[in-house]
Structures are given as C-alpha cells and as structure tokens.
Amino acid sequence: MSDFEHVFEAPPEGAAADWTIPQDWDAYSDVEHGTWDTLYARQMKILPGRACEVFMQGLKALDLNTGGIPDFAVMNPKLQALTGWTVVCVPGLVPDEVFFDHLANKRFPSGQFIRKPDQLDYLQEPDIFHDVFGHVPMLTDPDFAAYMEAYGKGGQRAASLGVLQNLARLYWYTVEFGLMQDADGLRIYGAGIVSSSTESVFALEDPSPNRLGFDLERVMRTLYRIDDFQQVYFVIDSIEALKAETLKDFGPVYQRLKGADDIAIEAVLPEDQVFTRGTQAYAARGGRFAA
Ligand code: PHE
Ligand code: CO
C-alpha cells in the first residue's frame with residue numbers, strides 16, 4: 001500500500017467522521033480542469049461503440065462536459081433525481097466499512113484530487129476522473145444503482161463473516177472491469193476500463209485476455225491484478241441478470257467458497273463459457289513493464 005499517496009488510517013484533518021470532505025470546487029486550478037477536459041475528450045473518441053448503452057446515456061444525462069471538473073453541487077441533483085444517489089468527496093481510499101456504509105446509503109465516494117498531467121495514461125489510485133467519469137454514469141441506471149446499494153449492505157455482511165476477499169472479487173470483475181453482451185455486441189461497463197483509454201481498447205479488442213461468461217461463484221474464486229490490464233474479463237448478459245444473480249442470499253455461496261480453491265487469473269475451466277480464449281501474450285511479455 002506504500003505506493004499510494006492518498007491512504008489514511010483515520011479521517012485526516014478536515015474530514016468528517018464519515019470521511020467526507022468538501023469538494024472545494026473553486027480551488028481546482030486551470031491545469032486541473034484542463035486535465036479533466038483532455039481525458040474526457042480522449043475517451044469520447046474511443047467509447048462510442050465500445051461502452052454499453054447505459055453508460056453512454058448516463059454520461060449524457062449527467063452533462064459532465066461543461067468545461068472542467070464537474071461541480072458536485074450541479075451534478076448531484078441530476079443524479080439524485082434519477083436514482084436517489086449522490087456523490088461525496090473523500091480524501092483517498094477509505095476503510096472497507098466506511099466505503100460499504102456510503103454505498104448502502106446511496107452515496108458514492110469519489111476522490112477529490114485529479115491526476116497530474118504526467119499521469120494521464122496510468123495511475124493506480126482512483127482520482128476524480130476515474131471515480132466520476134468511470135462510475136457515476138452507471139449509477140443513473142436504476143438496476144445498476146440497486147446492485148451497488150445491495151453491494152454496500154452485502155459488504156457489511158461479508159466483513160462480519162470473514163469472506164470480504166471473495167466479495168471484493170465480485171466488485172472487481174463487475175463494477176471495475178465488467179463487460180456485457182449488449183444488443184449490438186460485447187460492450188464495456190466497468191469503471192476501470194471506461195476511464196482508461198488504453199484498457200478501453202485492450203479489454204474488447206486485444207487477443208491477449210480471456211473473456212468468459214459471468215458465473216458468480218467462479219468470479220468470487222478468481223484472483224485478480226491491480227497493477228496492469230486484466231488477464232480475464234467476465235461478461236454479463238445484462239444488468240438485470242447481474243442484479244437477479246446477486247440479490248440471492250450469499251450464505252450458502254460463502255459456505256461453498258470456504259472449501260474451494262482460488263482460481264488462477266489466466267485459467268480457462270472446462271465449464272467456462274468462452275467468448276475469447278486469450279493468448280495471454282501481453283502478460284507473458286511483461287505487460288506494461290515490458291522492455
Ligand atoms: N446477496 C448478497 C448477500 O446475501 C448481497 C449482495 C448483493 C452482494 C449484491 C453483492 C451485490 O450477502
Ligand atoms: Co473504481
């Protein structure tokens with residue numbers, strides 16, 4: 001965790017007990033607003049035809065391209081009218097239980113800072129571009145919003161049962177890196193993908209990663225990497241199907257997972273529904289660290 005600058009053990013100076021801080025929108029510099037505009041424009045060249053319809057519609061509904069970093073005081077009423085959600089600012093990654101409590105109460109915690117101009121292509125920590133551009137459009141969809149709220153409540157339960165690691169994989173492979181089978185083909189809905197210009201192309205078009213049908217327990221057993229493009233993406237049929245699958249009681253699922261082995265990141269199992277059997281060439285040559 002030492003790579004992260006924005007990680008704290010307790011609410012830092014100026015943060016409330018729930019870790020929120022004011023957005024302080026007036027304090028963003030012109031360079032910071034410019035970074036948002038650059039990233040936004042770049043994604044809009046890439047995402048049509050790649051991001052799912054819900055994402056593209058949500059982006060339009062929120063009107064996040066009015067010049068610079070969105071002002072939450074302007075954005076939140078639009079989001080709230082659609083699904084009851086709001087976005088709150090936090091100083092960086094927050095403890096799990098704080099995160100779950102926000103989600104369970106329809107608040108999405110967003111980083112307040114934006115990446116530096118020399119980090120446009122890659123940063124490991126979520127900044128306001130990742131959090132707002134990546135996550136918030138999907139929260140305009142009632143089914144996706146319900147899934148996120150249920151995830152918050154499910155997180156509190158998983159933490160008490162000691163199975164957070166399994167639930168975190170579900171989040172990773174859906175909310176962050178999910179693909180979906182849309183009416184017109186394979187599309188992106190994961191925030192980690194739509195907020196990255198390079199992974200938006202890689203996730204759909206590169207021959208390297210596996211693309212497999214979503215299966216709840218399979219996903220919850222699968223390891224993941226946080227430092228590079230994914231080696232496997234899981235494809236859902238629809239948001240409704242994801243919601244239906246996850247609203248069931250995970251009690252028996254967690255029981256079965258206790259005795260089950262983890263699944264290697266590049267594995268393709270006989271029972272997998274295979275959209276793409278990846279070559280894994282990208283990972284094999286060292287990923288983003290390749291010479
Ligand atoms: N259904 C899960 C449980 O019983 C909660 C959950 C819902 C988790 C949606 C993730 C997403 O614990
Ligand atoms: Co994220």
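We now turn to the structure provided with this report.

**Looking at the site of ligand 1**
Okay, so step 1: Around ligand 1 sit Y147, A150, Y151, G154, R157, L167, L170, T246, L247, K248, D249 and F250, and those are all the residues in its vicinity.
Okay, so step 2: Taking T246, its main chain carries an N or O atom lying 2.6 Å from a nitrogen atom of ligand 1.
Okay, so step 3: Between ligand 1 and F250, the relevant distance is 3.0 Å, taken from an oxygen atom to a main-chain nitrogen or oxygen of the residue.
Okay, so step 4: With 5 residues, the top contributor of residues to the shell around ligand 1 is helix α6 (residues 142-161).
Okay, so step 5: A breakdown of the residues in the shell around ligand 1 according to their chemical character gives 7 nonpolar, 2 polar and 3 charged.

**Quick notes on the coordination of the cobalt ion (ligand 2)**
Okay, so step 1: Those protein atoms acting as donors to the cobalt ion (ligand 2) are H130 (NE2), H135 (NE2), E176 (OE) and E176 (OE), and they sit at 2.0 to 2.7 Å.
Okay, so step 2: Given 4 donor atoms and angles of 52 to 136° at the metal, the environment of the cobalt ion (ligand 2) is assigned as irregular.

**Digging into the nonpolar core**
Okay, so step 1: Membership of the largest hydrophobic core comes to 77 residues, with the highest contact counts inside it found for W36, F55, M148 and M220.
Okay, so step 2: Setting aside chain neighbours within four positions, we find W36 in contact with L64, G68, I69, P70, I114, I128, F129, V132 and F133.

**Things to note about the sheet that holds strand β5 (residues 210-213)**
Okay, so step 1: Read from one edge of the open sheet, 5 strands run β4-β3-β6-β5-β7, paired in mixed fashion. In the strand order of this sheet, the two ends are held by β4 (185-188) and β7 (274-276), each with one partner. Strand-to-strand twist of the sheet, defined as the mean angle between neighbouring strand axes without regard to direction, takes the value 35°.
Okay, so step 2: Sheet topology note: the strand β3 (residues 179-182)/β4 ladder contains 4 bridges and is antiparallel. The partner of L179 across the bridge, within β4, is I188.

So, how was this worked out
Residue positions are given per chain, counting from 1 as you read along its sequence in written order. Note on labels: chains are lettered from A, ligands numbered from 1, in written order. For this predicted model, a pLDDT threshold of at least 70 governs which residues receive local features, and a threshold of 80 or more governs which side-chain atom pairs are given and counted, while totals over whole chains, interfaces and linings are taken from all residues. Think of the side-chain values as coming from all heavy atoms in the structure, minus any hydrogens and water. The cutoff for a nearby residue is simple: one of its non-hydrogen atoms must lie within 4 Å of the molecule or strand. Here a polar contact is recorded for every N or O atom pair within 3.5 Å, except that within protein the pair must consist of a potential hydrogen donor and a potential acceptor, and residues adjacent in sequence are included only if both atoms are side-chain atoms. Counting from the N terminus, the helices are DSSP H or I runs at least four residues long and the strands are E runs at least two residues long. Only Asp, Glu, Lys and Arg are considered charged, only Ala, Val, Leu, Ile, Met, Phe, Trp, Tyr, Cys and Pro nonpolar, and every remaining residue, Gly among them, polar. Metal coordination here is assigned from N, O and S atoms located within 2.8 Å of the ion, or within 3.2 Å for Na, K and Ca; omission of water means that sites may look incomplete. Tetrahedral means four donors with every angle between 85 and 135 degrees, whereas square planar (four donors) and octahedral (six donors) require angles over 155 degrees between opposite donors and between 65 and 115 for all others; sites fitting neither are termed irregular. Nonpolar cores were defined as sets of buried Ala, Val, Leu, Ile, Met, Phe, Trp, Tyr and Cys residues, with membership established by side-chain atoms within 4.5 Å. Only protein chains enter the accessibility calculation, which uses a 1.4 Å probe; a residue whose area is less than 20% of its type maximum is buried, one above 50% is exposed, and one in between is partly exposed. Contacts were defined at the residue level, with two residues in contact if any of their heavy atoms lie within 4.5 Å. Each pair of strands is called paired provided DSSP finds at least two bridges between the two strands. Axis definition: a line fit to C-alpha positions, over the contact stretch in the case of helices; interaxial angles, taken between N-to-C directions, run 0 to 180 degrees.

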